[in-house]
Amino acid sequence: AAVPAGTPAPPPAPHLFSDPAEIGALRGHLLAWYDRCKRDLPWRTLAATEPDADRRAYAVWVSEIMLQQTQVATVIDYYNRWMQKWPTLQALAQASLEEVNELWAGLGYYSRGKRLQEAAKKVVSELAGQMPRTAEDLQKLLPGVGRYTAGAIASISYGQATGVVDGNVIRVLCRLRCIGADSSSPAVIDQLWDMANALVDRSRPGDFNQALMELGATVCVPKAPLCGECPVKQHCRARCRKLFGKPAPVPDVEDCGKQPGEISVVALGLGLVVTVTFVFAGVGGCPLCPPPTEPWDSSLGVTNFPRKAAKKQPRVERTATCVLERRGCHGALEYLMVQRPSSGLLAGLWEFPSLLLAQDLQEEKQREVLADHLRAWTGWPVVAGGLRFIGEVVHIFSHIHQTYVVYSLHLDGDVTLDPTLSPSRWVTEEEFHASAVSTAMKKVL
Ligand code: SF4
(Lines give C-alpha, C1' and ligand atoms only; values in the text may rest on other atoms or scores of the structure.)
Protein backbone atom coordinates (compact mmCIF):
# COMPACT_ATOMS: atom_id res chain seq x y z
CA ALA A 1 0.00 0.00 0.00
CA ALA A 2 1.19 3.50 -0.75
CA VAL A 3 2.45 5.43 2.28
CA PRO A 4 0.68 8.81 2.49
CA ALA A 5 2.91 11.81 1.96
CA GLY A 6 4.17 13.32 5.22
CA THR A 7 3.98 10.03 7.17
CA PRO A 8 7.09 9.87 9.37
CA ALA A 9 9.46 7.07 8.48
CA PRO A 10 9.54 4.21 11.01
CA PRO A 11 12.56 4.33 13.30
CA PRO A 12 15.59 2.34 12.25
CA ALA A 13 15.56 -1.32 13.22
CA PRO A 14 18.52 -1.14 15.62
CA HIS A 15 16.39 0.95 17.95
CA LEU A 16 13.37 -1.32 17.92
CA PHE A 17 12.26 -4.65 19.25
CA SER A 18 11.10 -6.27 16.07
CA ASP A 19 11.83 -9.95 16.69
CA PRO A 20 8.88 -11.66 18.46
CA ALA A 21 11.20 -14.35 19.82
CA GLU A 22 13.40 -11.71 21.43
CA ILE A 23 10.38 -9.92 22.89
CA GLY A 24 9.13 -13.19 24.37
CA ALA A 25 12.54 -13.96 25.87
CA LEU A 26 12.91 -10.48 27.34
CA ARG A 27 9.47 -10.69 28.98
CA GLY A 28 10.33 -14.06 30.44
CA HIS A 29 13.71 -12.96 31.82
CA LEU A 30 12.34 -9.78 33.30
CA LEU A 31 9.29 -11.37 34.95
CA ALA A 32 11.30 -14.26 36.40
CA TRP A 33 13.72 -11.75 37.91
CA TYR A 34 10.83 -9.65 39.25
CA ASP A 35 9.23 -12.69 40.89
CA ARG A 36 12.53 -13.44 42.60
CA CYS A 37 13.75 -9.98 43.53
CA LYS A 38 10.84 -7.54 43.77
CA ARG A 39 10.69 -5.31 46.80
CA ASP A 40 7.90 -5.89 49.25
CA LEU A 41 5.89 -2.65 49.12
CA PRO A 42 2.53 -1.90 50.76
CA TRP A 43 0.79 -0.84 47.53
CA ARG A 44 1.93 -4.05 45.84
CA THR A 45 0.42 -6.10 48.64
CA LEU A 46 -2.86 -4.18 48.33
CA ALA A 47 -2.93 -4.50 44.53
CA ALA A 48 -2.38 -8.24 44.82
CA THR A 49 -4.84 -8.95 47.61
CA GLU A 50 -7.69 -6.44 47.33
CA PRO A 51 -10.64 -8.12 45.58
CA ASP A 52 -12.59 -4.92 44.86
CA ALA A 53 -11.48 -3.27 41.59
CA ASP A 54 -12.27 0.28 42.73
CA ARG A 55 -10.38 -0.09 45.98
CA ARG A 56 -7.49 -1.71 44.14
CA ALA A 57 -7.35 1.10 41.59
CA TYR A 58 -7.53 3.68 44.35
CA ALA A 59 -4.67 2.01 46.26
CA VAL A 60 -2.47 2.00 43.14
CA TRP A 61 -3.44 5.53 42.21
CA VAL A 62 -2.43 6.95 45.61
CA SER A 63 0.93 5.18 45.42
CA GLU A 64 1.60 6.38 41.88
CA ILE A 65 0.85 9.99 42.74
CA MET A 66 3.03 9.86 45.86
CA LEU A 67 5.87 8.21 43.96
CA GLN A 68 6.04 10.98 41.37
CA GLN A 69 9.29 12.82 42.14
CA THR A 70 9.63 11.06 45.51
CA GLN A 71 11.76 8.10 46.59
CA VAL A 72 10.09 4.82 47.52
CA ALA A 73 11.68 4.83 50.99
CA THR A 74 10.13 8.23 51.78
CA VAL A 75 6.73 7.33 50.38
CA ILE A 76 6.10 4.13 52.40
CA ASP A 77 5.29 5.83 55.69
CA TYR A 78 3.13 8.52 54.05
CA TYR A 79 1.31 5.87 52.06
CA ASN A 80 0.53 3.73 55.08
CA ARG A 81 -0.78 6.71 57.05
CA TRP A 82 -2.83 7.89 54.08
CA MET A 83 -4.46 4.50 53.48
CA GLN A 84 -5.18 4.13 57.15
CA LYS A 85 -6.87 7.52 57.28
CA TRP A 86 -8.65 7.31 53.91
CA PRO A 87 -8.88 3.65 52.88
CA THR A 88 -11.40 4.40 50.12
CA LEU A 89 -12.16 7.04 47.55
CA GLN A 90 -15.31 7.89 49.46
CA ALA A 91 -13.33 8.58 52.63
CA LEU A 92 -10.87 10.78 50.76
CA ALA A 93 -13.66 12.70 49.04
CA GLN A 94 -14.92 13.77 52.46
CA ALA A 95 -11.54 15.02 53.69
CA SER A 96 -10.71 18.73 53.79
CA LEU A 97 -7.78 20.21 51.89
CA GLU A 98 -6.32 21.16 55.27
CA GLU A 99 -6.25 17.51 56.38
CA VAL A 100 -4.74 16.45 53.05
CA ASN A 101 -2.03 19.09 53.32
CA GLU A 102 -1.30 18.09 56.91
CA LEU A 103 -0.73 14.49 55.94
CA TRP A 104 1.23 15.48 52.85
CA ALA A 105 3.48 17.91 54.77
CA GLY A 106 7.11 17.12 53.98
CA LEU A 107 6.39 15.06 50.87
CA GLY A 108 6.79 18.03 48.51
CA TYR A 109 4.95 18.98 45.33
CA TYR A 110 1.84 19.72 47.33
CA SER A 111 -0.49 20.16 44.39
CA ARG A 112 -0.36 16.36 43.98
CA GLY A 113 -2.30 15.77 47.19
CA LYS A 114 -4.76 18.52 46.39
CA ARG A 115 -5.46 17.15 42.92
CA LEU A 116 -5.80 13.61 44.22
CA GLN A 117 -8.47 14.76 46.61
CA GLU A 118 -10.26 16.81 43.94
CA ALA A 119 -10.27 13.81 41.63
CA ALA A 120 -11.65 11.56 44.38
CA LYS A 121 -14.48 14.03 44.88
CA LYS A 122 -15.17 13.92 41.17
CA VAL A 123 -15.30 10.11 41.07
CA VAL A 124 -17.73 10.10 43.96
CA SER A 125 -19.98 12.92 42.74
CA GLU A 126 -19.89 12.42 38.97
CA LEU A 127 -18.96 8.79 38.37
CA ALA A 128 -21.07 7.16 41.08
CA GLY A 129 -17.93 6.23 43.01
CA GLN A 130 -16.65 3.96 40.26
CA MET A 131 -13.12 4.42 38.93
CA PRO A 132 -12.85 4.58 35.12
CA ARG A 133 -11.89 1.12 33.84
CA THR A 134 -9.36 1.83 31.07
CA ALA A 135 -6.18 3.86 30.78
CA GLU A 136 -7.82 6.08 28.17
CA ASP A 137 -10.80 6.90 30.43
CA LEU A 138 -8.66 7.33 33.53
CA GLN A 139 -6.58 9.92 31.71
CA LYS A 140 -9.59 11.62 30.18
CA LEU A 141 -11.80 11.75 33.26
CA LEU A 142 -9.52 12.22 36.26
CA PRO A 143 -7.79 15.55 36.94
CA GLY A 144 -4.09 15.12 37.64
CA VAL A 145 -3.94 11.68 35.99
CA GLY A 146 -1.61 11.75 33.00
CA ARG A 147 -0.71 9.05 30.52
CA TYR A 148 1.80 7.36 32.80
CA THR A 149 -0.44 7.21 35.90
CA ALA A 150 -3.41 6.05 33.81
CA GLY A 151 -1.33 3.24 32.29
CA ALA A 152 0.02 2.20 35.68
CA ILE A 153 -3.42 2.07 37.31
CA ALA A 154 -5.01 0.23 34.37
CA SER A 155 -2.27 -2.35 33.97
CA ILE A 156 -1.69 -3.02 37.68
CA SER A 157 -5.31 -2.85 38.88
CA TYR A 158 -7.27 -4.12 35.88
CA GLY A 159 -4.71 -6.12 33.91
CA GLN A 160 -5.04 -3.93 30.83
CA ALA A 161 -2.17 -4.70 28.43
CA THR A 162 -0.86 -1.18 28.19
CA GLY A 163 2.71 0.01 28.68
CA VAL A 164 4.05 2.79 30.88
CA VAL A 165 6.89 5.24 30.41
CA ASP A 166 8.43 6.99 33.41
CA GLY A 167 11.98 8.11 34.12
CA ASN A 168 13.14 4.58 34.98
CA VAL A 169 11.58 3.09 31.86
CA ILE A 170 13.10 5.81 29.69
CA ARG A 171 16.54 4.97 31.02
CA VAL A 172 16.18 1.21 30.58
CA LEU A 173 14.70 1.38 27.07
CA CYS A 174 17.22 3.96 25.86
CA ARG A 175 20.02 1.68 27.01
CA LEU A 176 18.48 -1.50 25.67
CA ARG A 177 18.20 0.09 22.26
CA CYS A 178 21.01 2.69 22.23
CA ILE A 179 18.63 5.63 21.93
CA GLY A 180 20.83 8.69 22.27
CA ALA A 181 18.61 11.42 20.89
CA ASP A 182 17.19 13.85 23.47
CA SER A 183 15.00 11.60 25.62
CA SER A 184 12.79 14.49 26.67
CA SER A 185 11.84 15.36 23.09
CA PRO A 186 8.28 14.49 22.04
CA ALA A 187 9.52 12.39 19.09
CA VAL A 188 11.64 10.16 21.34
CA ILE A 189 8.97 9.96 24.03
CA ASP A 190 6.45 8.81 21.40
CA GLN A 191 8.83 6.09 20.26
CA LEU A 192 9.35 4.95 23.82
CA TRP A 193 5.59 4.70 24.38
CA ASP A 194 5.25 2.61 21.24
CA MET A 195 8.07 0.40 22.46
CA ALA A 196 6.59 0.03 25.95
CA ASN A 197 3.21 -0.90 24.46
CA ALA A 198 4.82 -3.46 22.18
CA LEU A 199 6.91 -5.00 24.95
CA VAL A 200 4.35 -5.23 27.73
CA ASP A 201 3.52 -8.82 28.64
CA ARG A 202 -0.04 -9.63 27.59
CA SER A 203 -0.83 -11.93 30.49
CA ARG A 204 0.93 -10.03 33.29
CA PRO A 205 0.99 -6.39 32.18
CA GLY A 206 0.98 -4.89 35.67
CA ASP A 207 3.86 -7.05 36.82
CA PHE A 208 5.78 -6.43 33.61
CA ASN A 209 5.46 -2.65 33.96
CA GLN A 210 6.47 -2.76 37.60
CA ALA A 211 9.38 -5.03 36.72
CA LEU A 212 10.67 -2.62 34.09
CA MET A 213 10.44 0.26 36.56
CA GLU A 214 11.97 -1.83 39.34
CA LEU A 215 14.86 -2.69 37.05
CA GLY A 216 15.46 1.01 36.44
CA ALA A 217 15.21 1.79 40.16
CA THR A 218 17.47 -0.97 41.47
CA VAL A 219 19.75 -2.31 38.69
CA CYS A 220 19.79 -0.06 35.65
CA VAL A 221 20.36 2.97 37.87
CA PRO A 222 21.49 6.32 36.48
CA LYS A 223 25.15 6.46 37.49
CA ALA A 224 26.55 2.98 38.12
CA PRO A 225 24.24 0.36 36.63
CA LEU A 226 24.79 -3.22 37.77
CA CYS A 227 24.95 -4.71 34.29
CA GLY A 228 26.50 -7.95 35.51
CA GLU A 229 23.36 -8.68 37.57
CA CYS A 230 20.90 -7.48 34.97
CA PRO A 231 18.26 -10.01 33.91
CA VAL A 232 18.01 -8.53 30.41
CA LYS A 233 21.67 -7.93 29.72
CA GLN A 234 21.66 -10.21 26.72
CA HIS A 235 19.11 -7.90 25.09
CA CYS A 236 21.02 -4.73 25.85
CA ARG A 237 22.68 -3.01 22.93
CA ALA A 238 24.35 -0.33 25.06
CA ARG A 239 26.10 -3.03 27.07
CA CYS A 240 27.07 -4.82 23.91
CA ARG A 241 28.52 -1.66 22.54
CA LYS A 242 30.48 -1.09 25.71
CA LEU A 243 31.87 -4.63 25.76
CA PHE A 244 32.85 -4.68 22.12
CA GLY A 245 34.16 -1.14 22.18
CA LYS A 246 32.38 -0.52 18.94
CA PRO A 247 28.92 0.51 17.85
CA ALA A 248 26.14 -1.88 18.76
CA PRO A 249 26.01 -5.10 16.85
CA VAL A 250 22.73 -5.47 15.08
CA PRO A 251 21.68 -8.75 13.51
CA ASP A 252 20.60 -8.24 9.95
CA VAL A 253 20.93 -4.51 9.83
CA GLU A 254 18.55 -2.60 7.63
CA ASP A 255 19.49 1.02 8.10
CA CYS A 256 20.38 3.47 10.92
CA GLY A 257 22.96 5.57 9.23
CA LYS A 258 24.19 2.80 6.99
CA GLN A 259 27.31 4.04 5.35
CA PRO A 260 30.53 2.88 3.74
CA GLY A 261 32.14 2.34 7.17
CA GLU A 262 30.06 -0.76 7.96
CA ILE A 263 31.92 -3.95 8.65
CA SER A 264 30.80 -7.50 9.31
CA VAL A 265 32.38 -9.45 12.15
CA VAL A 266 31.79 -12.57 14.14
CA ALA A 267 31.10 -12.13 17.83
CA LEU A 268 30.40 -14.40 20.74
CA GLY A 269 27.10 -13.85 22.50
CA LEU A 270 25.48 -16.28 24.97
CA GLY A 271 27.90 -18.94 23.85
CA LEU A 272 26.63 -18.74 20.30
CA VAL A 273 28.58 -17.62 17.30
CA VAL A 274 26.54 -15.03 15.45
CA THR A 275 27.27 -12.90 12.48
CA VAL A 276 26.63 -9.25 13.14
CA THR A 277 27.11 -5.99 11.40
CA PHE A 278 28.34 -2.91 13.21
CA VAL A 279 26.56 0.25 12.31
CA PHE A 280 27.95 3.68 12.99
CA ALA A 281 25.60 5.70 15.16
CA GLY A 282 24.80 9.36 15.06
CA VAL A 283 25.15 9.57 11.35
CA GLY A 284 22.85 9.29 8.40
CA GLY A 285 20.21 11.46 10.08
CA CYS A 286 18.89 8.71 12.36
CA PRO A 287 16.34 10.42 14.66
CA LEU A 288 17.15 8.15 17.61
CA CYS A 289 20.96 8.06 17.53
CA PRO A 290 23.07 10.51 19.55
CA PRO A 291 23.59 13.72 17.60
CA PRO A 292 26.83 13.72 15.56
CA THR A 293 28.07 16.60 17.72
CA GLU A 294 27.88 14.42 20.85
CA PRO A 295 29.11 11.01 19.79
CA TRP A 296 29.50 7.94 22.01
CA ASP A 297 31.93 8.59 24.86
CA SER A 298 33.64 5.33 25.73
CA SER A 299 34.51 6.52 29.24
CA LEU A 300 30.78 6.64 30.01
CA GLY A 301 29.89 3.15 28.83
CA VAL A 302 26.18 2.37 29.03
CA THR A 303 25.57 5.67 30.80
CA ASN A 304 25.93 7.34 27.41
CA PHE A 305 22.21 6.67 27.39
CA PRO A 306 19.79 8.26 27.90
CA ARG A 307 20.58 11.82 26.95
CA LYS A 308 18.63 14.89 27.76
CA ALA A 309 18.80 18.47 26.59
CA ALA A 310 20.40 20.65 29.25
CA LYS A 311 17.99 21.45 32.08
CA LYS A 312 16.77 24.98 32.52
CA GLN A 313 18.53 26.62 35.43
CA PRO A 314 16.23 27.14 38.43
CA ARG A 315 15.15 30.68 39.15
CA VAL A 316 17.03 32.28 42.05
CA GLU A 317 14.87 33.95 44.70
CA ARG A 318 15.38 35.45 48.14
CA THR A 319 12.56 35.69 50.65
CA ALA A 320 12.65 37.46 54.00
CA THR A 321 10.76 35.55 56.65
CA CYS A 322 10.08 36.39 60.25
CA VAL A 323 9.46 33.96 63.09
CA LEU A 324 7.14 36.01 65.30
CA GLU A 325 6.92 34.45 68.74
CA ARG A 326 5.15 35.07 72.02
CA ARG A 327 4.53 33.30 75.32
CA GLY A 328 1.18 31.57 75.15
CA CYS A 329 -1.23 31.40 78.08
CA HIS A 330 0.39 28.16 79.33
CA GLY A 331 3.86 29.62 79.15
CA ALA A 332 4.90 27.73 76.03
CA LEU A 333 6.33 29.62 73.09
CA GLU A 334 3.92 30.15 70.21
CA TYR A 335 4.62 31.13 66.61
CA LEU A 336 2.49 33.12 64.25
CA MET A 337 1.68 31.32 61.01
CA VAL A 338 -0.07 32.62 57.94
CA GLN A 339 -1.77 30.57 55.24
CA ARG A 340 -0.64 30.79 51.63
CA PRO A 341 -3.15 31.38 48.83
CA SER A 342 -5.16 28.36 47.68
CA SER A 343 -3.44 28.16 44.31
CA GLY A 344 0.15 28.36 43.11
CA LEU A 345 3.32 27.14 44.80
CA LEU A 346 2.70 25.45 48.20
CA ALA A 347 -1.01 26.21 47.90
CA GLY A 348 -2.86 26.39 51.22
CA LEU A 349 0.21 25.61 53.31
CA TRP A 350 1.12 27.55 56.46
CA GLU A 351 4.29 29.62 56.73
CA PHE A 352 5.96 32.29 58.80
CA PRO A 353 5.11 35.77 57.51
CA SER A 354 7.28 36.12 54.43
CA LEU A 355 8.11 38.62 51.75
CA LEU A 356 9.76 38.04 48.39
CA LEU A 357 12.78 40.34 48.18
CA ALA A 358 13.92 42.35 45.19
CA GLN A 359 17.29 41.23 43.81
CA ASP A 360 20.48 42.58 45.37
CA LEU A 361 18.84 44.24 48.34
CA GLN A 362 21.29 45.22 51.10
CA GLU A 363 20.76 43.64 54.53
CA GLU A 364 19.67 46.92 56.07
CA LYS A 365 17.09 47.49 53.34
CA GLN A 366 15.80 43.89 53.64
CA ARG A 367 15.16 44.48 57.30
CA GLU A 368 13.29 47.70 56.56
CA VAL A 369 10.96 46.23 53.95
CA LEU A 370 10.23 43.25 56.18
CA ALA A 371 9.50 45.57 59.12
CA ASP A 372 7.14 47.64 56.89
CA HIS A 373 5.38 44.46 55.79
CA LEU A 374 4.96 43.20 59.35
CA ARG A 375 3.79 46.59 60.59
CA ALA A 376 1.12 46.78 57.89
CA TRP A 377 0.06 43.23 58.53
CA THR A 378 0.01 43.13 62.33
CA GLY A 379 -0.64 46.78 63.15
CA TRP A 380 2.18 46.36 65.68
CA PRO A 381 4.86 49.09 65.76
CA VAL A 382 7.58 46.85 64.32
CA VAL A 383 10.88 48.66 63.76
CA ALA A 384 13.67 47.36 61.56
CA GLY A 385 16.17 47.46 64.41
CA GLY A 386 13.96 45.18 66.51
CA LEU A 387 14.22 42.30 64.03
CA ARG A 388 16.90 39.81 64.98
CA PHE A 389 18.76 38.28 62.04
CA ILE A 390 19.06 34.53 62.58
CA GLY A 391 20.60 33.19 59.40
CA GLU A 392 19.80 31.91 55.95
CA VAL A 393 18.06 28.74 54.88
CA VAL A 394 18.42 27.42 51.36
CA HIS A 395 15.71 25.23 49.93
CA ILE A 396 15.60 23.90 46.39
CA PHE A 397 12.19 23.57 44.81
CA SER A 398 11.96 21.90 41.40
CA HIS A 399 12.32 25.21 39.57
CA ILE A 400 13.33 27.70 42.27
CA HIS A 401 16.54 28.03 44.21
CA GLN A 402 15.08 29.74 47.26
CA THR A 403 17.01 31.41 50.06
CA TYR A 404 15.01 32.33 53.14
CA VAL A 405 16.57 35.18 55.08
CA VAL A 406 15.35 34.42 58.57
CA TYR A 407 14.60 36.99 61.26
CA SER A 408 12.85 36.64 64.57
CA LEU A 409 10.85 38.98 66.72
CA HIS A 410 9.43 38.43 70.17
CA LEU A 411 6.06 40.07 70.82
CA ASP A 412 4.66 40.93 74.22
CA GLY A 413 0.93 41.40 74.36
CA ASP A 414 -1.72 40.46 71.91
CA VAL A 415 -1.70 41.04 68.20
CA THR A 416 -5.01 41.40 66.44
CA LEU A 417 -4.69 40.63 62.80
CA ASP A 418 -6.87 42.10 60.12
CA PRO A 419 -9.38 39.32 59.33
CA THR A 420 -9.63 40.48 55.71
CA LEU A 421 -6.01 39.40 55.19
CA SER A 422 -4.80 35.80 54.79
CA PRO A 423 -5.88 33.38 57.54
CA SER A 424 -3.39 33.22 60.39
CA ARG A 425 -2.98 31.47 63.72
CA TRP A 426 -0.65 31.02 66.67
CA VAL A 427 0.79 27.53 67.13
CA THR A 428 3.03 25.82 69.64
CA GLU A 429 6.06 23.94 68.34
CA GLU A 430 4.14 20.68 68.58
CA GLU A 431 1.20 22.12 66.66
CA PHE A 432 3.61 23.55 64.11
CA HIS A 433 4.95 20.07 63.32
CA ALA A 434 1.43 18.64 63.02
CA SER A 435 0.35 21.47 60.68
CA ALA A 436 0.41 21.61 56.91
CA VAL A 437 3.82 23.25 56.68
CA SER A 438 6.48 22.76 54.03
CA THR A 439 9.89 21.23 54.64
CA ALA A 440 11.37 24.66 53.96
CA MET A 441 9.44 26.14 56.93
CA LYS A 442 10.58 23.28 59.15
CA LYS A 443 14.14 24.17 58.26
CA VAL A 444 13.41 27.82 59.05
CA LEU A 445 12.11 26.93 62.51
FE1 SF4 B 1 20.81 -1.39 32.04
FE2 SF4 B 1 23.16 -2.64 32.05
FE3 SF4 B 1 20.86 -4.03 32.03
FE4 SF4 B 1 21.64 -2.70 29.88
S5 SF4 B 1 22.70 -4.42 30.84
S6 SF4 B 1 19.59 -2.74 30.75
S7 SF4 B 1 22.58 -0.90 30.81
S8 SF4 B 1 21.64 -2.66 33.69
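Residues numbered from 1 in each chain as written. Predicted model: local features only at pLDDT ≥ 70, side-chain atom pairs only at ≥ 80, totals over all residues. Heavy atoms only, no water.

Draft legend 1. Just the pairing of strand β8 (residues 388-396), in detail. Here β8 runs beside strand β9 (residues 400-410); their pairing, made up of eight bridges, is antiparallel. Bridge pairing links His-395 to Gln-402 in β9. Between β8 and β9, which follow one another and run antiparallel, lie three residues. (Pairing = 2+ DSSP bridges. Helix = DSSP H or I, 4+ residues; strand = E, 2+ residues; numbered from the N terminus.)

Draft legend 2. Fine view of helix α11 (residues 186-199). Between its first and last C-alpha atoms α11 spans 20 Å; for 14 residues at 1.5 Å apiece the expected length is 20 Å, and the two agree. Among the residues of α11, those classed as buried are Val-188, Leu-192, Trp-193, Met-195, Ala-196 and Leu-199. Buried residues in α11, looked at end-on, bunch into an arc of 165°, giving them a common side. Opposite the buried face of α11, by more than 90 degrees, sit the exposed residues Pro-186 and Ala-187. Considering only its buried residues, α11 is in contact with α1 (20-37), α9 (147-158), α10 (167-176) and α12 (205-218). (Expected span 1.5 Å × (residues − 1). Buried < 20%, exposed > 50% of the residue type's maximum accessible area, 1.4 Å probe, protein only. Arc of directions from axis to C-beta. Contact = heavy atoms within 4.5 Å.)

Draft legend 3. Main features of the nonpolar core. Counting residues in each nonpolar core, the largest one holds 103 residues, and the members touching the most others are Tyr-58, Trp-61, Met-66, Trp-82, Leu-92 and Leu-215. Sort the elements by how many residues they give to this core and helix α3 (residues 53-67) lands first, with eight residues. Structurally, this core is a two-domain feature, drawing no fewer than three residues from each of domain 1 (20-237) and domain 2 (315-443). Sequence-distant contacts of Leu-92, that is, excluding residues within four places in its chain, are made with Tyr-58, Trp-82, Trp-86, Val-100, Leu-116, Gln-117 and Ala-120. One finds Cys-322, Leu-336, Trp-377 and Leu-409 within the second-largest nonpolar core, a separate group that totals 20 residues. (Core = buried A, V, L, I, M, F, W, Y, C linked by side-chain atoms within 4.5 Å. Domains from an automatic or database assignment.)

Draft legend 4. How the structure looks around the packing of aromatic side chains. Tallied over the full model, the rule gives seven aromatic pairs. Residues Trp-82 and Trp-86 carry aromatic rings whose centres are separated by 4.7 Å and whose planes lie at 75° to one another, so their mutual orientation is edge-to-face. The burial state of Trp-82 is the same as that of Trp-86; both residues are buried. For the ring pair Trp-82 and Trp-104, a centre distance of 5.6 Å and an interplane angle of 80° mean the geometry is edge-to-face. Within this pair, whereas Trp-82 is found in helix α4 (residues 72-85), its partner Trp-104 is found in helix α6 (residues 97-104), the two being separated by 22 residues in sequence. Here the two residues Trp-82 and Trp-104 agree in accessibility, since each one is buried. For the cation-ring pair, Arg-147 lies above Trp-193, with the distance from its terminal atom to the ring centre recorded as 4.0 Å. Over the face of the ring belonging to Trp-350 we find Arg-425, whose NZ or CZ atom lies 4.0 Å from the ring centre. (Phe/Tyr/Trp six-rings, centres within 6.5 Å; stacked < 30°, edge-to-face > 60°. Lys NZ or Arg CZ within 6 Å of the ring centre and 35° of its normal.)

Function cannot be read off these values alone, since they describe shape.
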